[in-house]
Amino acid sequence: MSNENKKGSGLALVPFLLFIVIYMGAGLILQSQGVDMAFYQFPSVVAIFIAVIVMFFIGKGTIDQKFAIFAKGAGDENILIMLIIYILAGAFSTVAGAMGGVDSTVNLGLSLIPAHFLTAGVFIISAFLGTATGTSMGTIGAIVPIALGVAERGGLNVTLVMASCVGGAMFGDNLSMISDTTISATRTQGCELKDKFRVNFLIALPAAILTVILLLVFGAPVEAVSMDELSYSIIKVIPYLLVLILALVGLNVFLVLTIGIFSAGIVGLMGGELTILTFAQNIWTGFTSMNEVFFLSLFCGGLAQLTTHYGGITWLINRVQKFIKGKHSAEVGISALVSLADIAVANNTVAIIISGSIAKDISRTYNVDPRKTASLLDIFSCVWQGIIPYGAQLLLVGSLSAGMVSPVAVIPYLWYQQLLAVFAIVSIFIPFSEGVCRKDPWNWEYDVAESGVAAKKAAMEAVK
């Protein structure tokens, strides 16, 4: 961040607010007029492009300097990882669909699982997959194509099924030991992964259980559907099983999706549904089907970098700090801080990194256990990342569902994220999740848990 903006500038947030107003405002107006697919009429990429142009008129510096800052954000490692996941997920979905995998998988699922359990089943599978892989994007990319077909054929509420998939994916993203959010939260606060997990899990578990109960109650088919003649080919299901199993054993998400693409292609070639030429064409079609979310994420990354550079995030931090008076308000402030950061930059890992250092200062000042701070950072960044309609997760759902489900339409059904936020807030005032903190209290002198003081002393002596 530039030195001249240490006090922050609310003006730097105007472009992001403009994007939200244009994107959501146009959709809401058109929806009120009864326009079909209202939120897809005004391209989101054009809305973010307008916001970027406005951002270039804010703050000091030449156009070249500002573009260099923009390019740094657009080329950030986290952004590039998301972009590659987008196109690989699109290719897998397209190729698997072209060789008949969707129909076979859907029919197999409907044959094995009672219809009234399917919606809850999607949440549970997504939760396991997200926890195993550490990526909500990879989970959504793998599950949505299957869940969409199951929902349509099984007479389920498609929007609710998509929401359950996102909820499960965010459960995994929040708790996974290999998630970027978990790693960022624990590193910025200086605590152990396992300790943060224990605090976090006790907050997330009741939210997940209640979500499953709600999905069992409200996720039953809208109307009775005949399940006669559910023909399927096991071999056409193999690519999906490969993706799920390889992801669950912890294989890199890029390798998982690549294996999925080529296994689907091989099955299609063997069955005659694809030729070498149509296989290649379907991969390209899958890549290009992600163009909107691809460009939107690219522009968002650059805009977020400019917003941070010109003091937008610092301005938010300064406003949050004014309301902190004690330990409880400090925890509320930390939660609000990372929430606002995620709403502004639409990337939960970046939001944690941005707010992590100031959250550490707040926790040390008001004696908030770093393990609780790390949990709150991770929880609220994932809550908002799984709710904002311009976030990568909901945009990917909109893209993979081919416009059947808009990101805004999913929001009322995101029960897990809403419940997780409720239980996290309750845990601030009723510390039911802090058993590990009480059993092994934090030693502020050595800045580690009591169980780690001896090792810390030994390390300090070795340095001397």
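Residues numbered from 1 in each chain as written. Predicted model: local features only at pLDDT ≥ 70, side-chain atom pairs only at ≥ 80, totals over all residues. Heavy atoms only, no water.

A. Summary view of the overall build of the chain. Per the secondary structure count, the chain includes 23 helices and 2 strands. Taken over the C-alpha trace, the chain has a radius of gyration of 23 Å; the compact-globule value for 464 residues is 23 Å, and the two agree within 12%. In terms of principal-axis extent, the alpha carbons of the chain reach across some 70 × 55 × 45 Å. Relative to its full complement of 464 residues, the chain shows a buried share of 55%. Excluding contacts between residues fewer than 6 apart, the proportion of contacts in the chain whose partners are at least 24 apart in sequence is 79%. Surface accessibility of the chain: about 19400 Å² in total, with carbon and sulfur atoms responsible for 67%. Counting 24 positive and 27 negative side-chain charges, the chain places the centres of these two groups 13 Å from one another. (Helix = DSSP H or I, 4+ residues; strand = E, 2+ residues; numbered from the N terminus. Rg over C-alpha atoms; globule rule 2.2 N^0.38 Å. Buried < 20%, exposed > 50% of the residue type's maximum accessible area, 1.4 Å probe, protein only. Contact = heavy atoms within 4.5 Å. Areas by Shrake-Rupley, 256 points an atom, 1.4 Å probe, with all protein chains shown as cover. Lys, Arg positive; Asp, Glu negative; His and termini not counted. Charge placed at Lys NZ, Arg CZ, Asp CG, Glu CD.)

B. Focus on the environment of L129. Inspection of the secondary structure puts L129 in helix 6 (residues 118–133). Here the alpha-carbon distance between L129 and I283, two residues 154 residues apart in the chain, equals 24 Å.

C. Just the pattern of salt bridges, in detail. Per the stated rule, a full pass over the model turns up 8 salt bridges. Salt-bridge contacts for D378 lead to K196; the nearest nitrogen and oxygen are separated by 2.6 Å. Taken together, the residues D378 in helix 18 (residues 370–385) and K196 in helix 10 (residues 193–218) connect sequence positions 182 residues apart. Exposure remark for K196: the relative accessible area of 1% places this residue in the buried category. (Salt bridge = Lys/Arg side-chain N within 4 Å of Asp/Glu carboxyl O.)

D. Focus on the side chain of S136. Mapped onto the elements, S136 comes out in helix 7 (residues 136–153). There is a polar contact of 3.0 Å between the side chain of S136 and the side chain of D173. Of the polar contacts made by the side chain of S136, one reaches the side chain of Q393; its length is 2.8 Å. Among residues more than four places away in sequence, those in contact with S136 are A169, M170, D173 and Q393. (Polar contact = N/O pair within 3.5 Å; in protein donor to acceptor, adjacent residues only side chain to side chain.)

E. Layout of the packing of helix 6 against helix 10. Taken N-terminus to C-terminus, the directions of helix 6 and helix 10 make an angle of 155 degrees; their axes are 7 Å apart at the nearest point. By the angle between their axes, helix 6 is roughly antiparallel relative to helix 10. Seen along the crossing, helix 6 lies across helix 10 with a hand that is right-handed. Along its contact with helix 6, which presents T119, A120, F123 and I124, the element helix 10 presents A208, T211, V212, L215 and L216. (Axes fitted to C-alpha atoms, helices over the stretch in contact; angles between N-to-C directions. Parallel < 35°, antiparallel > 145°, perpendicular 65-115°, else oblique. Left-handed = near helix turned anticlockwise from the far one by under 90°.)

F. Inspection of the packing of aromatic side chains at higher detail. Counted by the stated rule, this structure contains 12 aromatic pairs. Relative to F70, the ring of F56 has its centre 6.3 Å away and its plane inclined at 55 degrees; by these criteria the two rings are tilted. Residue F56 is located in the loop between helix 2 (44–55) and helix 3 (63–74), and its partner F70 is located in helix 3; the two are separated by 14 residues in the primary sequence. Take F56 and F70: they sit in the same class, and that class is buried. A network of ring pairs unites the aromatic residues F49, F56, F67, F70 and F299 as a single cluster. (Phe/Tyr/Trp six-rings, centres within 6.5 Å; stacked < 30°, edge-to-face > 60°.)

G. How the structure looks around the nonpolar core. Core analysis: the biggest nonpolar cluster contains 137 residues, and F19, Y86, M162, I261, Y416 and L420 have the highest contact counts within it. The residues touching Y416, leaving out its near neighbours within four places in the chain, are F123, G167, M170, F171, A204, A207, A208 and T211. (Core = buried A, V, L, I, M, F, W, Y, C linked by side-chain atoms within 4.5 Å.)

H. Expanded view of a nonpolar patch on the surface. Together, L112, I113, F117, L205, I209, L210, I213, L216, V217 and F218 make up an exposed nonpolar region whose accessible area comes to about 890 Å². A total of 7 residues in the nonpolar patch trace back to one element, the largest contributor, which is helix 10. Turning to its location among the elements, L205 is positioned in helix 10. (Patch = residues over 30% accessible without salt bridge, like charges linked within 9 Å, V, L, I, M, F, W, Y side chains within 5 Å.)

I. Spatial organisation of unusual backbone geometry. The phi torsion at N367 lies on the positive side, around 55 degrees, for a residue other than glycine. The phi dihedral of D447 falls on the positive side, at around 55 degrees, and the residue is not glycine. Tracing the chain through its elements places D447 in the loop between strand 1 (442–443) and strand 2 (448–449). Judged by relative accessible area, D447 falls into the partly exposed class, the value being 25%.

J. Up close: helix 14 (residues 291–309). Between its first and last C-alpha, helix 14 extends 27 Å over 19 residues, near the 27 Å set by a 1.5 Å rise per residue. Taken residue by residue, helix 14 has V293, L296, S297, C300, G301, G302, L303, A304, L306, T307 and T308 as its buried positions. Just beyond helix 14, the residue with positive phi is G311, at close to 90 degrees. (Expected span 1.5 Å × (residues − 1).)

K. Molecular detail of the environment of V436. Of note, V436 is situated in helix 22 (residues 435–439). Residues V436 and K372, spaced 64 residues apart in sequence, show a C-alpha to C-alpha distance of 10.0 Å. If we ignore the near neighbours within four places in the chain, the residues touching V436 are D195, R198, V199 and R371.

L. Representation of helix 18 in the model. The first and last C-alpha atoms of helix 18 sit 22 Å apart over 16 residues, in line with the 22 Å expected at 1.5 Å per residue. Most of helix 18 sits out of view: 15 of its 16 residues are buried.

M. Main features of the packing of helix 17 (residues 348–365) against helix 18. Where helix 17 meets helix 18, the closest approach of the two axes is 10 Å, and the angle between their N-to-C directions is 150 degrees. Relative to helix 18, the element helix 17 is oriented roughly antiparallel. You can see that helix 17 and helix 18 cross each other, and the crossing is right-handed. Each of N348, I352, S355, G356, A359, S363 and R364 in helix 17 lies in contact with helix 18, whose residues at this interface are P370, T373, L377, D378, S381, C382 and Q385.

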